[in-house]
Protein chains: 2
Amino acid sequence: MPAIETMNTAAKRGRPGYDQDSVLTIAVELFNQHGYEATSMGKLADRLGISKSAIYHHVPSKEDLLRLALDEALIPLEAVVQDEHTHQRSADERLELFLRETFRILIAKRPCVTLLLRLRGNTELERTALARRRELDRKLAELVTLAQSEGSLRVDLEPRATARLLFGMINSVVDWYREDGPLNASALEQDAISMVFEGLHAHKK
Amino acid sequence: MPAIETMNTAAKRGRPGYDQDSVLTIAVELFNQHGYEATSMGKLADRLGISKSAIYHHVPSKEDLLRLALDEALIPLEAVVQDEHTHQRSADERLELFLRETFRILIAKRPCVTLLLRLRGNTELERTALARRRELDRKLAELVTLAQSEGSLRVDLEPRATARLLFGMINSVVDWYREDGPLNASALEQDAISMVFEGLHAHKK
DNA sequence: GTCTATAATGCGATAGAC
DNA sequence: GTCTATCGCATTATAGAC
């Protein structure tokens, strides 16, 4: 029979009694509030209600907390490229799916995506994450170009600028969307998608 | 005759020989690179090539640098509200002018606007600046509502969400526009404005 | 307008006890 | 899984010389 003490490993409730995931969740919250660089392990310890050194039992360094959080945003965002490529036919449909799925990940992983969007590239880790982000920009611009050549999108807009503006609008949601707020996520998604494809102007009959 | 030494006060070139404005310009650059909280007076001193204490000759505190920078962004942005209200007739035209003028200030005062957009509200000064920003959001949402009631804008979009998405798209420009880059500012302005009003879809004949 | 020197505090991380 | 104590260095800001 295994020793009864091994059950403690799985026990996540208690009082403090943190594991890596629960530490990470609070850490990301603080990183978003003060910026990664300005968030000290001391502030994080205070917020967790434990000592600084106790944090190092769960995670080897401050930078590892950042790495874990960025992967939690980037891995699903990168999976969108695979998804839309597999299922859809026209570039127009693929573009819409790309934007919708990005929006949904942004809502589902809002704290981690927020952290990603605020990186400045001051360390090698940050620069690597920013390079992965730029690759997503490139894929979106590629889809815009493709949809233009298929005739479903206006051709007078520069594809790379258009991709940046599209991501700019979608990504801005992390700055003001709140789960407990008055706005419904799927209605917001519909408004954003409809606005970029059809425009604000009322159609003339 | 005034003493010849008084000329030094006006002389801005020399080697170091900084004045408040030149210190502020470099400070804002560093605030944007590392975040305000994470930018130390020591790093700023290193970047300026002078000692920490020399900075305090030009500015009374780190927070005053932030205050000066935020005013440089907020005062012209707030003036837009006056401008568009005075000159234009229809809410539709006023809305377009509001967005175009905001875009232009964003390009002209990019470093200071960038700093403003990244605030998290961790001090009283930051919270005051964020309240001034929210007032601009409110004015834009008001214009959207007005344009809807005049019949020039579709009425199926929620005005406050629409205002946030519009600002989100326009504001995102600070993250990727570069004065020395391949994109022309007025062409970019035209693309953004045309995209939000007419949409991405090619018009059916 | 700049310097050196200094004060008091906070930083990321580690050692080792319980 | 948490603690106290500690290391070596960075932090904002001030005092006072030149």
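If you're wondering where the values come from, they're calculated on a predicted model, not measured in any experiment. (Residues numbered from 1 in each chain as written. Chains lettered and ligands numbered in written order. Predicted model: local features only at pLDDT ≥ 70, side-chain atom pairs only at ≥ 80, totals over all residues. Heavy atoms only, no water.)

1. Concerning the overall build of chain A
Put simply, the test is: By the criteria applied, helices consist of DSSP H or I runs no shorter than four residues and strands consist of E runs no shorter than two, each listed in order from the N terminus. Partly exposed describes any residue whose relative accessible area lies between the buried limit of under 20% and the exposed limit of over 50%, with all areas from a 1.4 Å probe on protein chains only and scaled to the type maximum. Note on contacts: a residue pair is in contact if any heavy atoms of the two residues lie within 4.5 Å. Under the convention used here, a 1.4 Å probe and the Shrake-Rupley method define accessible areas, while residue burial counts only the protein chains that appear.
Scanning chain A from terminus to terminus reveals 11 helices and zero strands. Put simply, chain A runs from its N terminus to its C terminus through helices and strands in the order α-α-α-α-α-α-α-α-α-α-α. Per-residue burial for chain A yields a buried fraction of 47% across its 205 residues. Here the analysis covers contacts within chain A between residues at least 6 apart in sequence; of these, 66% occur between residues at least 24 apart. Total accessible area on chain A stands at roughly 10700 Å², and carbon and sulfur atoms take up 53% of it.

2. Topic: the relation of the copies chain B and chain A
Mapping between the two copies of the chain is achieved by a rotation about an axis and a shift along the axis. Note the cut-off: The superposition of copies rests on a least-squares fit of C-alpha positions from residues with pLDDT of 70 or more in both.
Of the transformation superimposing chain B on chain A, the axial component is 0.0 Å and the angular component is 180 degrees, with the fit at an RMSD of 0.0 Å. What the rotation and shift describe, once combined, is the action of a two-fold rotation axis. Most of the interface of chain B is mirrored in chain A, where 100% of its interface residues are also at the interface.

3. Side note on the protein's contact with DNA strand C
Going by this rule: Nearness of a residue to a molecule or strand requires only that one of the residue's heavy atoms be within 4 Å of it. Under this definition, polar contacts are N or O atom pairs within 3.5 Å; protein pairs additionally need one hydrogen-donor-capable and one acceptor-capable atom, and for neighbouring residues in sequence, both atoms have to be side-chain atoms.
Taken together, the neighbourhood of DNA strand C is formed by 18 residues, with S40 and M41 of chain A together with G17, S51 and S53 of chain B sitting nearest. The protein-proximal atoms of DNA strand C, defined as those within 4 Å of the protein, are 57% sugar or phosphate. Take T39 of chain A: an N or O atom from its main chain is 3.3 Å from a phosphate oxygen of DNA strand C. At a separation of 2.5 Å, a phosphate oxygen of DNA strand C approaches a polar backbone atom of M41 of chain A. Those elements that place two or more of their residues in the surface near DNA strand C are helix 3 (41-48) and helix 4 (52-58) of chain A together with helix 4 (52-55) of chain B. For the surface near DNA strand C, the element with the highest residue contribution is helix 4 of chain A, accounting for three residues.

4. Here's the deal with the domain arrangement of chain A
Residues and elements named next belong to chain A. Definition in use: For the domains described, the bounds stem from an automatic or database domain assignment. By buried area we mean how much accessible surface two parts lose on assembly, using a 1.4 Å probe and totalling the loss over both. One side-chain nitrogen of Lys or Arg within 4 Å of one carboxyl oxygen of Asp or Glu is enough to make a salt bridge. Classification convention: Asp, Glu, Lys, Arg as charged; Ala, Val, Leu, Ile, Met, Phe, Trp, Tyr, Cys, Pro as nonpolar; all other residues, Gly among them, as polar.
As assigned here, chain A comprises domain 1 (12-59) and domain 2 (67-198). In this complex, domain 1 contributes eight residues to the contact, which on the side of domain 2 involves 10 residues. Each partner contributes to the roughly 690 Å² buried at the junction of domain 1 and domain 2, and carbon and sulfur atoms together form 64% of this total. There are zero salt bridges connecting domain 1 and domain 2. Taken together, the links from domain 1 to domain 2 amount to four residue pairs in polar contact (both at pLDDT 80 or more). Taken together, the residues that form the side of domain 1 that touches domain 2 break down as five nonpolar, two polar and one charged.

5. Observations concerning the protein's contact with DNA strand D
As a matter of local geometry, DNA strand D sits amid 18 residues, with G17, S51 and S53 of chain A together with S40 and K52 of chain B nearest to it. Near the protein, meaning within 4 Å, the atoms of DNA strand D are sugar or phosphate in a fraction of 58%, with bases accounting for the rest. A distance of 2.3 Å is found between a phosphate oxygen of DNA strand D and a backbone nitrogen or oxygen belonging to S51 of chain A. Contact between DNA strand D and H57 of chain A: a phosphate oxygen at 2.8 Å from a side-chain N or O atom of the residue. Sorting the residues of the surface near DNA strand D by element identifies helix 4 of chain A together with helix 3 (41-48) and helix 4 of chain B as the ones contributing at least two each.

6. Structural notes on the packing of helix 6 (residues 91-108) of chain B against helix 9 (residues 159-171) of chain B
Residue and element names in this part refer to chain B. Definition in use: Angles run from 0 to 180 degrees between N-to-C directions of axes, and those axes are lines fitted to C-alpha atoms, restricted for helices to the stretch in contact. Two helices cross in a left-handed way if the nearer one is turned anticlockwise from the farther one by less than a right angle. They cross in a right-handed way if the turn is clockwise.
Where helix 6 meets helix 9, the closest approach of the two axes is 10 Å, and the angle between their N-to-C directions is 35 degrees. The two elements helix 6 and helix 9 cross, and the hand of that crossing is right-handed. On the side of helix 6, the interface is formed by F98, L99, T102, F103 and L106, while helix 9 contributes L166, F167, I170 and N171.

7. Section: the side chain of D191 of chain B
The line we're drawing: Under the counting rule used here, the positive set is Lys and Arg, the negative set is Asp and Glu, and His together with the chain ends is not counted.
Of note, D191 of chain B is situated in helix 11 (residues 185-198). No salt bridge is formed by the buried D191 of chain B; the nearest opposite charge belongs to R154 of chain A, separated by 6.3 Å. If we ignore the near neighbours within four places in the chain, the residues touching D191 of chain B are D156, L157 and E158 of chain A.

8. Side note on the environment of V196 of chain B
Looking at where V196 of chain B falls in the secondary structure, it is placed in helix 11. In the structure, V196 of chain B is positioned 27 residues away from M169 of chain B in sequence and 9.2 Å away in space, judged by C-alpha atoms.

9. Here's the deal with helix 7 (residues 110-117) of chain A
Residue and element names in this part refer to chain A. Across the eight residues of helix 7, seven count as buried, placing the element largely inside the fold. For helix 7, the set of buried residues is R110, C112, V113, T114, L115, L116 and L117. Elements in contact with the buried residues of helix 7: helix 2 (20-34), helix 5 (62-87), helix 6 (91-108), helix 8 (124-149), helix 9 (159-171) and helix 10 (173-176).

10. Thoughts on the environment of A163 of chain B
Residues and elements named next belong to chain B. Mapped onto the fold, A163 is located in helix 9. Looking at A163, the relative accessible area reads 2%, which means it is buried. In sequence terms A163 and D137 are 26 residues apart; their C-alpha atoms lie 6.5 Å from each other. Leave out the neighbours within four places in its chain, and A163 touches D137, L140 and A141.

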